[in-house]
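What follows is each chain in one-letter form.
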Amino acid sequence: MLNRSSIIKLIFFSMLFSVSFISLAQNDTIQKPKSIFWQKVRFGGGLGLNLGNGFTNVSVSPTLYYPLNEKVTIGSGINISYIKNRDLYNSWIYGGSVIAIFNPIDYLQLSTEIEQLRVNINYPTLNGSYENNFWNTALFLGAGYRTESITFGIRYNLLHKNSNNVYTDAWMPFVRIMF
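These notes cover the structure that comes with them.

## Focus on the overall build of the protein chain
- Looking only at helices and strands, the protein chain has two helices and eight strands in total.
- N-terminal to C-terminal, the α/β element order of the protein chain is α-α-β-β-β-β-β-β-β-β.
- Burial analysis of the protein chain (179 residues in total) assigns 25% to the buried set.
- Accessible surface for the protein chain amounts to roughly 12,800 Å². Of this, 63% is attributable to carbon and sulfur atoms.

## Let's talk about the sheet that holds strand 6 (residues 128–147)
- One open sheet accounts for eight strands, arranged 1-2-3-4-5-6-7-8; its pairing is antiparallel. With one partner strand each, in any of the chains shown, strand 1 (42–52) and strand 8 (171–177) form the two edges of the open sheet. For this sheet the average axis-to-axis angle between neighbouring strands, irrespective of direction, equals 20 degrees.

## Regarding the nonpolar core
- With 11 residues, the main nonpolar core is built from Ile83, Ile93, Leu117, Val119, Ile121, Phe134, Ala138, Phe140, Val166, Tyr167 and Met172.
- Elements with a minimum of two residues in this core: strand 5 (108–125) and strand 6.
- Those residues within four positions of alanine 138 in sequence are excluded, and the remaining contacts are Glu113, Ile114, Glu115, Asn157, Leu159 and Tyr167.

## Some remarks on the environment of asparagine 69
- Considering the arrangement of structural elements, one finds asparagine 69 in the loop between strand 2 (55–67) and strand 3 (72–85).
- Look at asparagine 69 and you get partly exposed, because its relative accessible area is 45%.
- In sequence terms asparagine 69 and phenylalanine 102 are 33 residues apart; their C-alpha atoms lie 9.9 Å from each other.
- Of the polar contacts made by the side chain of asparagine 69, one reaches the backbone nitrogen of lysine 71; its length is 2.8 Å.
- Here valine 72 takes part through its backbone nitrogen, which lies 2.8 Å from a polar atom of the side chain of asparagine 69.

## Description of the pattern of salt bridges
- Per the stated rule, a full pass over the model turns up one salt bridge.
- With a closest N to O distance of 2.8 Å, arginine 155 and glutamate 113 form a salt bridge. Highlighted residues: arginine 155 in strand 7 (residues 150–157) and glutamate 113 in strand 5, separated in sequence by 42 residues.
- On the accessibility criterion, arginine 155 (12% relative accessible area) is buried.
- Exposure remark for glutamate 113: the relative accessible area of 12% places this residue in the buried category.

## A short note on the packing of aromatic side chains
- Taken as a whole, this structure holds eight aromatic pairs when the rule is applied.
- Summarising the aromatic geometry, the rings of tyrosine 82 and tryptophan 92 are spaced 4.9 Å apart at their centres and angled 50 degrees between planes, so their arrangement reads as tilted. One end of the pair, tyrosine 82, is in strand 3; the other, tryptophan 92, is in strand 4 (residues 89–105), and 10 residues separate them in sequence.
- Note on tyrosine 82: relative accessible area 22%, which makes it partly exposed.

## Remarks on the layout of surface pockets
- In this structure, the largest pocket spans a volume of roughly 1,200 Å³.
- What lines the largest pocket is a set of 43 residues, and nearest its centre among them are Ser59, Ser61, Arg155, Tyr167 and Met172.
- Going through the elements one at a time, strand 1, strand 2, strand 3, strand 4, strand 5 and strand 8 are the ones with two or more residues in the lining of the largest pocket.
- Together, 13 residues line the second largest pocket, and Arg42, Thr73, Asn103, Arg146 and Met178 are the ones closest to its centre.

## Topic: the pairing of strand 2
- Of the strand pairs in this sheet, strand 1 and strand 2 are connected by 11 bridges, and their pairing is antiparallel. Following the sheet pairing, glycine 52 is matched in strand 2 by phenylalanine 55.
- The turn linking strand 1 back onto strand 2 is made up of two residues, and glycine 54 within it adopts a positive phi angle of 80 degrees.
- Both strand 2 and strand 3 contribute to a ladder of 11 bridges, which runs antiparallel. Residue valine 58 lies in a different strand from strand 3, and its bridge partner there is tyrosine 82.
- Connecting strand 2 to the antiparallel partner strand 3 that follows it, the hairpin turn spans four residues.

Conventions and cut-offs
- Residues numbered from 1 in each chain as written.
- Predicted model: local features only at pLDDT ≥ 70, side-chain atom pairs only at ≥ 80, totals over all residues.
- Heavy atoms only, no water.
- Helix = DSSP H or I, 4+ residues; strand = E, 2+ residues; numbered from the N terminus.
- Buried < 20%, exposed > 50% of the residue type's maximum accessible area, 1.4 Å probe, protein only.
- Areas by Shrake-Rupley, 256 points an atom, 1.4 Å probe, with all protein chains shown as cover.
- Pairing = 2+ DSSP bridges.
- Axes fitted to C-alpha atoms, helices over the stretch in contact; angles between N-to-C directions.
- Core = buried A, V, L, I, M, F, W, Y, C linked by side-chain atoms within 4.5 Å.
- Contact = heavy atoms within 4.5 Å.
- Polar contact = N/O pair within 3.5 Å; in protein donor to acceptor, adjacent residues only side chain to side chain.
- Salt bridge = Lys/Arg side-chain N within 4 Å of Asp/Glu carboxyl O.
- Phe/Tyr/Trp six-rings, centres within 6.5 Å; stacked < 30°, edge-to-face > 60°.
- 1 Å grid on protein atoms, 1.4 Å probe; cavity = no way out; pocket = protein on both sides within 12 Å on 5 of 7 lines; lining within 4 Å.
- Points joined across faces, edges and corners; volume = space filled by probe spheres on them.

Given below as structure tokens:
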């Protein structure tokens, strides 16, 4: 049985707990200002999903962009892809890239990007499997039409080789979005 003194203590500690909880909750809502660097950083990248008759391609490629001034932006990204073509091969491709973007006028965007990818391909054979693992380097020069934070364009891989099994053509269209 609770006496009057116990009830008063219970109410007092309940109120103290409530006030402490509310004050802590309010402290959580106070946000510290971000550094100047992180206030300028923009995000972008790509997500891909291709599904077909025995074919699967899943890719993720986030990119961070940092504007040096109104005309020049630099960025860095990672690329991860999984590709499977039933009974022919499966592949993991992963790596990174560094990009420089130049906007000489409002609607024109020029870019240069170097990309280094590790490619692991597994081909099933009658005797088990055959693996082809290699590094692929690409150097892209691109140009695109820019409207606000979206750019539509085309880029050319200066280091393209028909034998590298990564890109089927040196010319590649692109859509670049920055948030």
